[in-house]
Amino acid sequence: MDTPPHTAPAPWRDPALDPETRVDALIRAMTLEEKAGQLFGVWVGASDEGAEVAPHQHDMEEPVDLDDLIPDGLGQLTRPFGTAPVDPALGALSLMRTQARIVAGNRFGIPAVAHEECLAGFAAWGATAYPVPLSWGATFDPDLIREMAGAIGRDMRSVGVHQGLAPVLDVVRDARWGRVEETIGEDPYLVGTIATAYVQGLESAGIVATLKHFAGYSASRAGRNLAPVGMGRRELADVILPPFEMAIRESGVRSVMHAYTDTDGIPSAADEALLTGLLRDTWGFTGTVVADYFGIAFLKTLHGVAGTFGEAAGAALAAGVDVELPTVKTFGGPLLVAVARGKVPESLVDRALRRVLLQKVRLGLLDPEWSPVPPALENADTTDPELLRGTIDLDPASNRDLARRIAERAVVLLRNDGTLPLAPAVPPRIALIGPTAEAATAVLGCYSFPVHVGGQHPDAPLGIDLPTLHDALRAEFPAADIVVAQGTGIDDGATEGIPAAVALARGADLVIAALGDRAGLFGRGTSGEGCDAESLSLPGAQQQLLDALLDTGTPVISTLLAGRPYALGRATDEAAAIVQSFFPGESGTAAIASVLSGRTNPSGRLPVSVPRHPGAQPSTYLAARLGHASEVSSIDPAPAFGFGHGLTYTTFAWSGLTVEATQTPTDGAFHLAFTVENTGDRSGTELVQLYLHDPVASVVQPVQRLIGYVRLDLAAGEKKRVAADVPADLASFTGRDGRRAVEPGELELRFATSSTAPGLTARVTLTGPVRHVDHHRHLHARFRTVPHTSH
């Protein structure tokens, strides 16, 4: 028998070649239509019968025909699991079959990248609902958030997903903005450290993380979604950009999503200086830039900087956007026509395509051994879909334990007159009153699956267990007599139930006021995307209910399941205790109950300030002197509880601050140390926060800003010596000429328990010339802790 001649594989399928060589060969072989096909996604929904995915009909877009698109290839599949409630195993089968069809249908056998939302867990039916990012910030615990992201990534990878659209690195500038729940907080250093840890976890599982929204989205005027942004270049450089810069440098992130907004008239999707000049040329980012959903078309329909969709496509490509999401609108026919007419250079298509294909090569999607079968189905019989139903668990015990640990660490005790923890020896009669008392989904944010998708399918089961606050309190206090009343709705303004609630309160030993938000989309909630607030008053008639409960004289513990901070009126000074949580996920109510009982010693700290007055907005602790209370304004923006605030059930003492040298050059560092002692009778966590105050600078500075933090877990009576090495680079800021500089002069390094509670202050001096620094500068203070030894 004749031996067939050896046929060399196509170069783009040869793993022995470097990725660049493989991609260059593939681009040379592609038609313009095939190139464009790799630059957009199609919004699809997996089938609950395991059949191939079907295009999702969205009210902002015309339906697409996969049969027409697949022969030219397809760049991405948008949200196959996050479009409708689908059993995870059947969703994985549906995606597998679709990928096989895509590979078989295009000349080069290129699979699509499947992406999903993962802002508070994998946004799929039955997947663990973790606390929202604002709760991540409240933990001040990057290691724990890295662990969570790794678990989320492994779940996504197991069913065939490649990319996650998280984390959000927007810094809160106005808490009225509906998407505050999606942010990590109001401080860029906290946001940067927590977000970087999340990216590291997600990427460690093989999932492409996506930084968003680049940049300035959260600084919209009046806190309105998609409203224009009018900040100056120093606010952009010193507040908005640092978290992205940190993540680009330290996390290995492979994708960035542009913001919807325009800044000073330039939409982010068409901002070449931002997406290419800064992101790529200066910071060295080499991954893909993806569009926020419909964001390229918005250049025509909302921003008015493009007259046609072809012009919008050209503007986005020129700026540096590589992939249109969620579905094809501008990078399809309009782009092809614009290229054919010479309006858009094909070289821009090739530039974006090269980045997309390099990512696919590095994901292994063009390797000969690539298979559409995801890990979770590798040993499964896929011939009978019904046998697969229920075989993939996306909410295992390990996930639930992790969600519980994060939720417990994120609960913030704002106020306590000694009522908490509740004494177990005397079972009280508890009146649980408020609109979140028996609302199962009150623990979930806007991008959790049961809210984001499940709300459109009211007959579908939730897919996960969501104990209400009532359920959690009964489990935590089995001997207590708990009576329940709603009093009012979240935002309906109803007051007719308040008298009955007050009557219950008068007959109780203790009132737990269950207050907060309802997450939703575009006005269907009080928190979430497009659910912006006119003021930071509690929604609806909740403040009226709270005041009526305070009037009863029965001790009131205010608990909040919310997506943003709210002014609490009289409760700030009159409540027996205030327990704040930010949409703490499926284990959230149990976490709150464990804090009330004292089983958990609270260790959460505020990632955003809690206002004293609902209308003193916008306001963050990062204000310059004129942004604080003064005699020249009748508005006092001072918070009720400042950034970083949080109480525990033990006490700590700080002492013995030493500074190795009070002067160092502008390229040097300060070395400080002090002792922290747990002076209480139980173990607890102290959060040491380091703030920098620059009293005289060439441009106006915030009064103080966070430059470092460390969590200390101390047993009763335990002492630890905390040492901090503080590089002079951390004093840098953007000067008048637009360059970042370290200026000589006096500084204060403030070790504090919050932005409003300084502990120990070192007055130090930088000497020598002004020193300019760039993106290679030091970003962190280095903390070390050692057991205290007496001398």
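Attention in this report is confined to the structure presented alongside it. This structure is a prediction, so every number in the text was calculated from the model and none was measured.

### Description of the layout of surface pockets
In this structure, the largest pocket occupies an estimated 950 Å³ of space. Looking at the largest pocket, it is lined by 43 residues, and the ones nearest its centre are Arg173, Asp238, Val239, Leu622 and Pro702. At the level of elements, α7 (188-204), α8 (233-240), α9 (242-250) and β23 (705-714) are the ones that each hand at least two residues to the lining of the largest pocket. Among the residues making up the lining of the largest pocket, the classes are represented as 21 nonpolar, 10 polar and 12 charged.

### Here we look at the packing of aromatic side chains
All chains considered together, the criterion is met by 17 aromatic pairs. With 5.6 Å between their ring centres and 65 degrees between their planes, Phe81 and Phe122 make a pair best called edge-to-face. In this pair, Phe81 sits in the loop between β3 (76-78) and α4 (88-105) while Phe122 sits in the loop between β4 (113-116) and α5 (133-139), placing the two residues 41 residues apart along the sequence. Residue Phe81 shares its accessibility class with Phe122, and that shared class is buried.

### Some points on the pairing of strand β24 (residues 719-727)
Here strand β21 (residues 669-678) pairs with β24 via 9 bridges, running antiparallel. Residue pairing in the sheet places Phe670 in a bridge with Val726 of β24. One ladder, built from 6 bridges, connects β24 with strand β30 (residues 782-787); its direction is antiparallel. For Ala723, the partnering residue across the bridge sits in β30 and is Arg784.

### Points about the pairing of β21
Most of β21 is tucked away: 7 of the 10 residues are buried. As paired elements, strand β19 (residues 652-659) and β21 share 6 bridges and run antiparallel to each other. Bridging from a neighbouring strand, Val659 pairs with Leu672 of β21.

### So, the sheet that holds strand β26 (residues 740-742)
Ordered in space as β25-β26-β29, the 3 strands form an open sheet in which the pairing is antiparallel. With one partner strand each, in any of the chains shown, β25 (733-734) and β29 (771-772) form the two edges of the open sheet. The pairing of β25 with β26 spans 2 bridges and is antiparallel. Paired with Phe733 across the strands is Ala741, a residue of β26.

### Section: the side chain of Gln689
In this structure, Gln689 sits in strand β22 (residues 684-693). You can call Gln689 buried: its relative accessible area is 0%. In terms of polar contacts, Gln689 uses its side chain to reach the backbone carbonyl oxygen of Gly644, at 3.0 Å. A distance of 2.7 Å separates a polar atom in the side chain of Gln689 from the backbone oxygen of Thr753. Among residues more than four places away in sequence, those in contact with Gln689 are Phe643, Gly644, Leu706, Gly708, Tyr709, Arg750, Phe751, Ala752, Thr753, Ser754 and Ser755.

### Focus: helix α22 (residues 588-597)
Of all 10 residues in α22, 9 are buried, a share of seventy percent or more. Buried residues of α22: Gly588, Thr589, Ala591, Ile592, Ala593, Ser594, Val595, Leu596 and Ser597, and no others. At its buried positions, α22 is contacted by α16 (397-410), α18 (469-476), β14 (510-516), β15 (556-562) and β16 (577-582).

### Quick look at the packing of helix α6 (residues 142-158) against α7
Packing of α6 against α7 brings their axes to within 7 Å, and their N-to-C directions diverge by 35 degrees. For the pair α6 and α7, the crossing hand works out as right-handed. From α6, Pro142, Ile145, Arg146, Met148, Ala149, Gly150, Ile152, Gly153 and Met156 reach across to α7, where they touch Thr193, Ile194, Ala197, Tyr198, Gln200, Gly201, Leu202 and Ser204. Counted by class, the contact of α6 with α7 contains 10 nonpolar, 6 polar and 1 charged residues.

### Side note on the sheet that holds β24
The pairing of strands in a sheet comes from backbone hydrogen bonds and takes either a parallel or an antiparallel form. Strand order in the open sheet formed by 4 strands is β19-β21-β24-β30, and the pairing between neighbours is antiparallel. With one partner strand each, in any of the chains shown, β19 and β30 form the two edges of the open sheet. For this sheet, the mean inter-axis angle between neighbouring strands, taken without regard to orientation, is 20 degrees.

### What about the environment of Ala149?
One can find Ala149 in helix α6. With residues near it in sequence (within four places) discarded, Ala149 still touches Tyr198, Gly201 and Leu202.

### Some points on the side chain of His645
As for its position among the elements, His645 is in the loop between β18 (639-641) and β19. Judged by relative accessible area, His645 falls into the buried class, the value being 16%. Polar contacts involving the side chain of His645 include one to the main-chain carbonyl oxygen of Leu414, which spans 2.8 Å. Excluding residues that lie within four positions of it along the chain, His645 makes contacts with Val412, Leu413, Leu414, Gly604, Arg605, Leu606, Thr753 and Ser754.

### As for the state of the cysteines
Counting across every chain of the model gives 0 disulfides. Cysteine Cys118 remains unbridged, with the sulfur of Cys446 as its closest cysteine sulfur at 15 Å. A relative accessible area of 0% places Cys118 in the buried class. Here Cys531 is not cross-linked by a disulfide; its sulfur's nearest cysteine counterpart is in Cys446, at 6.5 Å.

### Comments concerning helix α1 (residues 19-29)
Along α1, the residues classified as buried are Arg22, Val23, Ala25, Leu26 and Ile27. For α1, the secondary structure elements touched by its buried residues are α2 (32-37) and α14 (346-362). Sitting at the head of α1, Asp18 places a side-chain oxygen 3.1 Å from the backbone nitrogen of Glu20.

Conventions we followed
Residues numbered from 1 in each chain as written. Predicted model: local features only at pLDDT ≥ 70, side-chain atom pairs only at ≥ 80, totals over all residues. Heavy atoms only, no water. 1 Å grid on protein atoms, 1.4 Å probe; cavity = no way out; pocket = protein on both sides within 12 Å on 5 of 7 lines; lining within 4 Å. Points joined across faces, edges and corners; volume = space filled by probe spheres on them. Helix = DSSP H or I, 4+ residues; strand = E, 2+ residues; numbered from the N terminus. Nonpolar A, V, L, I, M, F, W, Y, C, P; charged D, E, K, R; others polar. Phe/Tyr/Trp six-rings, centres within 6.5 Å; stacked < 30°, edge-to-face > 60°. Buried < 20%, exposed > 50% of the residue type's maximum accessible area, 1.4 Å probe, protein only. Pairing = 2+ DSSP bridges. Polar contact = N/O pair within 3.5 Å; in protein donor to acceptor, adjacent residues only side chain to side chain. Contact = heavy atoms within 4.5 Å. Axes fitted to C-alpha atoms, helices over the stretch in contact; angles between N-to-C directions. Left-handed = near helix turned anticlockwise from the far one by under 90°. Disulfide = S-S within 2.5 Å.

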